[in-house]
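One-letter residues, chain by chain:
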Amino acid sequence: MRLPLRDTAAVAAGVLAPFAAALVLVPLRTSVTHTNLALLLVVVVVAVSASGNRFAGALAALSAAAWFDFFDTEPYQSFHIQDRADIETALLLLAVGLIVSQLAAHGRTMKRVAVTDATHLERLHATTRLARSGTSSSDDVVRRVRQELIEVLELRSCRFEYGTLVGRPPRLEPDGTVQVDGWVWDLERQGWPEGETELRALVHGRYQGRFLLTPEPGSVPPSLEARLVAADLAAQAAEALDDDGVGARPMS
């Protein structure tokens, strides 16, 4: 599975940024202590970790330690270190770089989770407000849910189908799993199944229709949390349809 562009750039930065920084610091290696040079390289590791992911941060820490050894310790332009103090500094640079990179990545992850949670909650609240406004039809709610599903699941398209169930496409279940021919599909490892995936709109055991989801080719599967939000959105559409007594009919 291909990495997202942001992660690919972060991995490249994890390799190249410490190299470039160590190269720039070469003129200072005789006038600045090796400890201070190592600290400057830690700053580069933190910058990569803050903008990338854990793997990129760890790679930056390894790269920083290697290029510190190569450029800033005697014998120069060699991965051999003669001075014991330089060995200790290189090892500390690696250890501190790894720790700091993981802390920075963890902080970034927690921030992203908090923002994502707030966004998902607002999606559900906005759809609920629309359904309960008294001025919107069930079709309005279905259209709103279709758009929300495209965004929360990062789909290429989504359509709603009234009427009886036809065929047996892969199905996104209310618990966030995907079923293919009665078997649980490993979404994280295999990606989306081929073709459309259905998400049924059910309320109190009554079938109101289904959303047919078309993912972007080769896209990263959505998180379990996103899939659970999608199931809740479909349930809201089903409730609106049930309240209107729409039943199975073509969408106008």
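Presented here is a report on the structure given in the accompanying data block. (Residues numbered from 1 in each chain as written. Predicted model: local features only at pLDDT ≥ 70, side-chain atom pairs only at ≥ 80, totals over all residues. Heavy atoms only, no water.)

Some words on the overall build of the chain
1) Next: When helices and strands are tallied, the chain shows 7 helices and 6 strands.
2) Next: Walking the chain from its N terminus toward its C terminus, one meets helices and strands in the order α-α-α-α-α-β-β-β-β-α-β-β-α.
3) Next: Buried residues in the chain amount to 41% of all 252 residues.
4) Next: For the chain, the share of sequence-separated contacts (at least 6 apart) that also reach a separation of at least 24 residues comes to 70%.
5) Next: A total of about 13600 Å² of accessible surface is found on the chain, and carbon and sulfur atoms cover 61% of it. (Helix = DSSP H or I, 4+ residues; strand = E, 2+ residues; numbered from the N terminus. Buried < 20%, exposed > 50% of the residue type's maximum accessible area, 1.4 Å probe, protein only. Contact = heavy atoms within 4.5 Å. Areas by Shrake-Rupley, 256 points an atom, 1.4 Å probe, with all protein chains shown as cover.)

Some remarks on the layout of surface pockets
Left-over empty space is what a probe sized like a water molecule reveals as it rolls over the atoms.
1) Next: There is about 270 Å³ of room inside the second largest pocket.
2) Next: Of all elements in the fold, only helix H6 (187-190) and strand E6 (206-215) reach the threshold of two or more residues within the lining of the second largest pocket.
3) Next: For the lining of the second largest pocket, the residue count by class is 5 nonpolar, 6 polar and 4 charged. (1 Å grid on protein atoms, 1.4 Å probe; cavity = no way out; pocket = protein on both sides within 12 Å on 5 of 7 lines; lining within 4 Å. Points joined across faces, edges and corners; volume = space filled by probe spheres on them. Nonpolar A, V, L, I, M, F, W, Y, C, P; charged D, E, K, R; others polar.)

Here's the deal with the packing of aromatic side chains
1) Next: Under the criterion given, the structure shown has 9 aromatic pairs.
2) Next: When the ring of Phe19 is compared with that of Phe71, the centres are 5.8 Å apart and the planes differ by 55°; the resulting orientation is tilted. Placement of the pair is Phe19 in helix H1 (residues 5-24) and Phe71 in helix H3 (residues 54-72), with a sequence separation of 52 residues.
3) Next: By relative accessible area, Phe19 is classed as partly exposed at 30%.
4) Next: Phe71 gets classed as buried once you look at its relative accessible area, which sits at 7%.
5) Next: Ring centres 5.0 Å apart and planes at 90° place the aromatic pair Phe70 and Phe71 in the edge-to-face group. There is no split in this pair, since Phe70 and Phe71 are both buried.
6) Next: Three or more aromatic residues joined by ring pairs make a cluster, and in this case those are Phe19, Trp67, Phe70, Phe71 and Phe79.
7) Next: A cation over an aromatic ring shows up here: Arg29 above the ring of Tyr76, its NZ or CZ 3.6 Å from the ring centre. (Phe/Tyr/Trp six-rings, centres within 6.5 Å; stacked < 30°, edge-to-face > 60°. Lys NZ or Arg CZ within 6 Å of the ring centre and 35° of its normal.)

A short note on the packing of helix H2 (residues 34-51) against H3
1) Next: In the contact formed by H2 and H3, the axes pass within 9 Å of each other and the chain directions differ by 155°. Considering the angle they form, H2 stands roughly antiparallel to H3. Considering the relative orientation of H2 and H3, their crossing is right-handed. Together, His34, Leu37, Ala38, Leu41, Val45, Val48 and Ser49 of H2 and Ala56, Gly57, Ala60, Ala61, Ala64, Phe68 and Asp72 of H3 make up the contact between the two elements.
2) Next: Classifying every residue of the contact of H2 with H3 gives 10 nonpolar, 3 polar and 1 charged. (Axes fitted to C-alpha atoms, helices over the stretch in contact; angles between N-to-C directions. Parallel < 35°, antiparallel > 145°, perpendicular 65-115°, else oblique. Left-handed = near helix turned anticlockwise from the far one by under 90°.)

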